[in-house]
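Letter by letter, the chains look like this.
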Amino acid sequence: MDSEDNSPFGYDAFRRTCPSHTVLEMLASKWVYLVVCALRKGRLRNGELARKLEGITPKMLTQTLRVLERDGLVRREIFPVIPPRVEYELTELGQNLAGLLTQIRAWAEQHAPDIKDARAKAIAVNAGEWAA
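Along each chain, numbering runs from 1 in the same order as the chain's sequence is written. Under the rules for a predicted model, residues below a pLDDT of 70 receive no local features and side-chain atom pairs below 80 are neither given nor counted, while totals for whole chains, interfaces and linings still include all residues. Hydrogens and water are ignored here; the side-chain numbers use all heavy atoms of the structure.

- An unreviewed UniProt entry annotates the protein chain as HxlR family transcriptional regulator of Rhizobium loti.

1. Structural notes on the confidence of the model for the protein chain
Part 1: The quantity known as pLDDT measures the predictor's confidence residue by residue, on a range of 0 to 100. A residue-level look at the protein chain finds 92% of positions with pLDDT of 70 or above and a mean pLDDT of 90.
Part 2: Put simply, DSSP H or I for four residues or longer makes a helix, DSSP E for two residues or longer makes a strand, and each gets a number counted from the N terminus. At the level of individual helices and strands, the protein chain shows its lowest average pLDDT in helix α1 (residues 19–27), which scores 89, and its highest in helix α4 (residues 58–70), which scores 97.

2. Some thoughts on the packing of aromatic side chains
Part 1: Stacked, tilted and edge-to-face pairs are distinguished by plane angle, under 30 degrees for stacked and over 60 for edge-to-face with tilted covering the rest, among Phe, Tyr and Trp rings (Trp via its six-membered ring) whose centres lie within 6.5 Å. On inspection of all chains with the given rule, the structure shows zero aromatic pairs.
Part 2: The lysine or arginine in question, Arg85, covers the ring of Phe79, its NZ or CZ lying 3.9 Å from the ring centre. Note on criteria: charge over ring means Lys NZ or Arg CZ within 6 Å of the ring centre, with the direction from the centre no more than 35 degrees off the ring normal.

3. Structural notes on unusual backbone geometry
Part 1: Along the chain, Ile82 connects to Pro83 via a cis peptide bond; the corresponding omega equals -5 degrees.
Part 2: Inspection of the secondary structure assignment puts Pro83 in the loop between β2 (74–79) and β3 (85–90).

4. Examining helix α2 (residues 30–38)
Every α-helix winds through 3.6 residues per turn, so residues three or four apart in the chain are directed the same way.
Part 1: Buried, partly exposed and exposed residues are distinguished by accessible area as a fraction of the type maximum, computed with a 1.4 Å probe on protein chains only: under 20%, between the cut-offs, and over 50%, respectively. Among the nine residues in α2, seven count as buried, and that is most of the element.
Part 2: If you check which residues of α2 are buried, you get Trp31, Val32, Tyr33, Val35, Val36, Cys37 and Ala38.
Part 3: A distance of 3.2 Å separates the backbone nitrogen of Trp31 from a side-chain oxygen at the start of α2, and that oxygen is part of Ser29. Counted as a polar contact is a pair of N or O atoms within 3.5 Å, where, for protein atoms, one must be capable of donating a hydrogen and the other of accepting one, and residues adjacent in sequence contribute only when both atoms are in side chains.

5. Brief notes about the pairing of β3
Part 1: Sheet topology places strand β1 (residues 44–45) next to β3; two bridges connect them, and they run antiparallel. Across the sheet, the residue bridging to Leu44 is Tyr88, located in β3.
Part 2: Relative to β3, β2 runs antiparallel, the two being bridged by six bridges. Across the sheet, residue Glu77 finds its bridge partner in β3, namely Glu87. A strand pair is defined by DSSP finding two or more bridges across the two strands.

6. Concerning the pattern of salt bridges
Where charged atoms from two side chains of opposite charge come close, those side chains can pair.
Part 1: Salt bridges, as used here, are contacts in which a Lys or Arg side-chain nitrogen is within 4 Å of a carboxyl oxygen on Asp or Glu. Overall, the coordinates contain eight salt bridges when judged by the stated rule.
Part 2: Between Glu77 and Arg43 there is a salt bridge; the shortest N-O distance is 2.3 Å. In this pair, Glu77 is assigned in strand β2 and Arg43 in the loop between α2 and β1, connecting sequence segments 34 residues apart.
Part 3: Note on Arg43: relative accessible area 34%, which makes it partly exposed.
Part 4: Close ionic contact of Glu109 with Arg105 constitutes a salt bridge, the shortest N to O distance being 3.1 Å. In this pair, Glu109 and Arg105 both sit in helix α5 (residues 92–131), four residues apart, roughly one turn of the helix.

7. Some remarks on the sheet that holds β3
Part 1: Read across the open sheet, the three strands follow the order β1-β3-β2; overall the sheet is antiparallel. With partners counted over all chains shown, the strands left at the sheet margins are β1 and β2, one partner each.

8. Some points on the side chain of Glu87
Part 1: Take Glu87: it is sitting in strand β3.
Part 2: Assessed through its relative accessible area of 15%, Glu87 is described here as buried.
Part 3: In contact with Glu87, other than residues within four places in its own chain, are Arg43, Leu44, Arg45, Arg75, Arg76, Glu77 and Phe79. In what follows, residue pairs with any heavy atoms lying within 4.5 Å of each other are defined as contacts.

Laid out in structure tokens, this is it:
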């Protein structure tokens, strides 16, 4: 490996057994990404998150929130009222991550037309190859 690939933290995400590798696996989930971004501006209840995240199933939302809580990115607070009220918010670590993910989201939104055009061109080229 090049010296620029060496992490100053002593971890190597390219190694399957490295703890940072499993962190990257967790971050690769689109739902993890979207939940963290949704919570960036403050606390939300489960239903508020579900409405904000179009297409997420209740099961996937619950699983994602559990993963984020387990990994110290999200804090869950249960209020002793009837019916029970549960709110989720980012921890300091989660807020730190949200800043990075917001930059990636901005890049994705800015370059979505470019990617869409590239995909259309690739489909057209492949269609021509299949017809030949």
